[in-house]
Amino acid sequence: MKNKAKNIMIQGTSSSAGKSLFVTGLCRLFAKKGWNIAPFKSQNMTRNAIILENNKKIAASQLIQAEAANIKANEYMNPILLIPNSDTGSRLVINGREDDELEAKKYHEEKKRLAPIVLEAYNRLEKERDLIIIEGAGSPAEINLREDDFVNMGLANMVDSSVILIADIERGGVFASIYGTVKILDDFDSNRIKAFIINKFRGDRNILKPGIDELERRLNIPCLGVLPYVEFDIEEEDSLFSGKKGKRIEDKSRREREYDRLAEFINSNIDIEKLMNIIGVG
């Protein structure tokens, strides 16, 4: 019988904190290390959807992450897709098939029905892979959404995953955003956060060191690294650094070069050994 796959979950202190492209980079990085891996995002809200060969529909970001992992994308990598069609409503796509049009309030009432679907999709992926790299959505600090959650800490608990928290320093207040995110959660959830990352930094990293040292002391979790602001020619709706938004790059060899470049960038700026120890593969 196959052993349970390892996993790690990447969450952000806010939307567009850098989750999607970071997961893409990790997919390529671990694929190059020989791991049989897959990306997973339980729920994605985006107009940027892709139709797969089997006519199933998923978010483009999971297709890109799968390509970076050197595997074929499938609908179980993004079981719940919300395609906005108004300020308050979206088309609901479940496991690649359009299901219904829902207003925001109605969608929240549907969460109990959708959670088992998410878990089943994850379990399908897990049977075929050694490592699942999970992307959260929005921020776990949205405690008004914690009940019936299956996208952030709710999902981490469902699949027993450790969490790495990413914060975007360009938004300002990076230390407060990390500290506040961890501290607003109850202990059961916050104990899953094993490290944090600061991204989009411009300037001398030594300037950040006193703040990082103090944050590590107060939270008793390490900083895995500081990612400088660098542009990558990879389309993402949830951009780390400056991932491109819009039409997907048609030249596959060019995409492959960018995946490799992104993986090397992460490898050079993140404590990979510490990350692997958190995952349990160190």
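Up top is the structure these notes are about.
Residues numbered from 1 in each chain as written. Predicted model: local features only at pLDDT ≥ 70, side-chain atom pairs only at ≥ 80, totals over all residues. Heavy atoms only, no water.

Draft legend 1. Structural detail: the pairing of strand β1 (residues 6-12). Within β1, 6 of the 7 residues are buried, which leaves the element mostly enclosed by the surrounding structure. Summarising the sheet, β1 and strand β9 (residues 131-135) pair through 5 bridges and their orientation is parallel. Across the sheet, Ile10 pairs through a bridge with Glu135, a residue of β9. Bridge count between β1 and strand β10 (residues 163-168): 4 bridges; the pairing is parallel. Among the inter-strand pairings, Ile10 is bridged to a residue of β10, identified as Ile164. (Buried < 20%, exposed > 50% of the residue type's maximum accessible area, 1.4 Å probe, protein only. Helix = DSSP H or I, 4+ residues; strand = E, 2+ residues; numbered from the N terminus. Pairing = 2+ DSSP bridges.)

Draft legend 2. Region of the structure containing the packing of aromatic side chains. Across all of its chains, the model carries 2 aromatic pairs by this definition. When the ring of Phe232 is compared with that of Phe265, the centres are 5.4 Å apart and the planes differ by 65 degrees; the resulting orientation is edge-to-face. With Phe232 in the loop between β12 (223-228) and α9 (252-269) and Phe265 in helix α9, this residue pair connects regions lying 33 residues apart in the sequence. An identical accessibility class is assigned to Phe232 and Phe265; each is buried. Positioned above the aromatic ring of Tyr229 is the side chain of Arg202, whose terminal nitrogen or guanidinium carbon lies 3.8 Å from the ring centre. (Phe/Tyr/Trp six-rings, centres within 6.5 Å; stacked < 30°, edge-to-face > 60°. Lys NZ or Arg CZ within 6 Å of the ring centre and 35° of its normal.)

Draft legend 3. Just the pairing of β9, in detail. Taking burial as the measure, the 5 residues of β9 include 5 buried ones, the bulk of the element. The two faces of β9 match: Leu131, Ile133 and Glu135 on one face and Ile132 and Ile134 on the other face are all buried. Here 4 bridges tie strand β2 (residues 37-40) to β9, and the two strands are oriented parallel to one another. Along β9, the bridge assignment pairs Phe40 with Ile134.

Draft legend 4. Molecular detail of the environment of Leu131. Examined against the element boundaries, Leu131 turns out to sit in strand β9. Note on Leu131: relative accessible area 1%, which makes it buried. A C-alpha to C-alpha distance of 8.1 Å links Leu131 and Ile8, two positions 123 residues apart in sequence. Setting aside its immediate chain neighbours within four residues, Leu131 contacts Ala5, Lys6, Asn7, Phe30, Trp35, Asn36, Ile37, Ala38 and Ile279. (Contact = heavy atoms within 4.5 Å.)

Draft legend 5. Region of interest: α9. With 18 residues, α9 should reach 26 Å at 1.5 Å per residue; the first-to-last C-alpha distance of 26 Å fits that figure. Taken residue by residue, α9 has Arg255, Glu256, Glu258, Tyr259, Leu262, Ala263, Phe265, Ile266 and Asn269 as its buried positions. Residues of α9 that are buried make contact with α1 (19-32), α2 (60-68), β12 and α10 (272-279). (Expected span 1.5 Å × (residues − 1).)

Draft legend 6. Looking closely at the packing of α2 against α9. Following both chains from N to C, one finds α2 and α9 inclined at 80 degrees, their axes separated by 10 Å at the closest point. Between α2 and α9, the angle is such that the two are roughly perpendicular. Mapping the contact onto sequence places Ile64, Glu67 and Ala68 in α2 and Lys252, Arg255, Glu256 and Tyr259 in α9. (Axes fitted to C-alpha atoms, helices over the stretch in contact; angles between N-to-C directions. Parallel < 35°, antiparallel > 145°, perpendicular 65-115°, else oblique.)

Draft legend 7. Just the sheet that holds strand β7 (residues 89-94), in detail. With mixed pairing, the 4 strands of this open sheet are ordered in space as β3-β6-β7-β8. Of all strands in the sheet, those bounded by a partner on one side alone are β3 (43-45) and β8 (97-103). Strand-to-strand twist of the sheet, defined as the mean angle between neighbouring strand axes without regard to direction, takes the value 25 degrees. Against the sheet, helix α4 (residues 111-126) engages β6 (80-84), β7 and β8, with an angle of about 40 degrees to β7.

Draft legend 8. Examining the pattern of salt bridges more closely. Counting across every chain of the model gives 24 salt bridges. For Arg91, the salt bridge goes to Glu98, with nearest N and O atoms at 3.4 Å. Judged by relative accessible area, Arg91 falls into the partly exposed class, the value being 24%. Within the structure, one salt-bridge network assembled from shared partners comprises Arg28, Lys32, Lys252, Glu256 and Asp260. (Salt bridge = Lys/Arg side-chain N within 4 Å of Asp/Glu carboxyl O.)

Draft legend 9. Unusual backbone geometry, seen in detail. Of note in this structure, Asp160 is not a glycine but carries a positive phi near 55 degrees. Checked against the element boundaries, Asp160 lands in the loop between α5 (153-159) and β10. According to the relative accessible area criterion, Asp160 is partly exposed, its value standing at 49%. You will see that Asn220, though not glycine, has its phi angle at about 60 degrees, which is positive.

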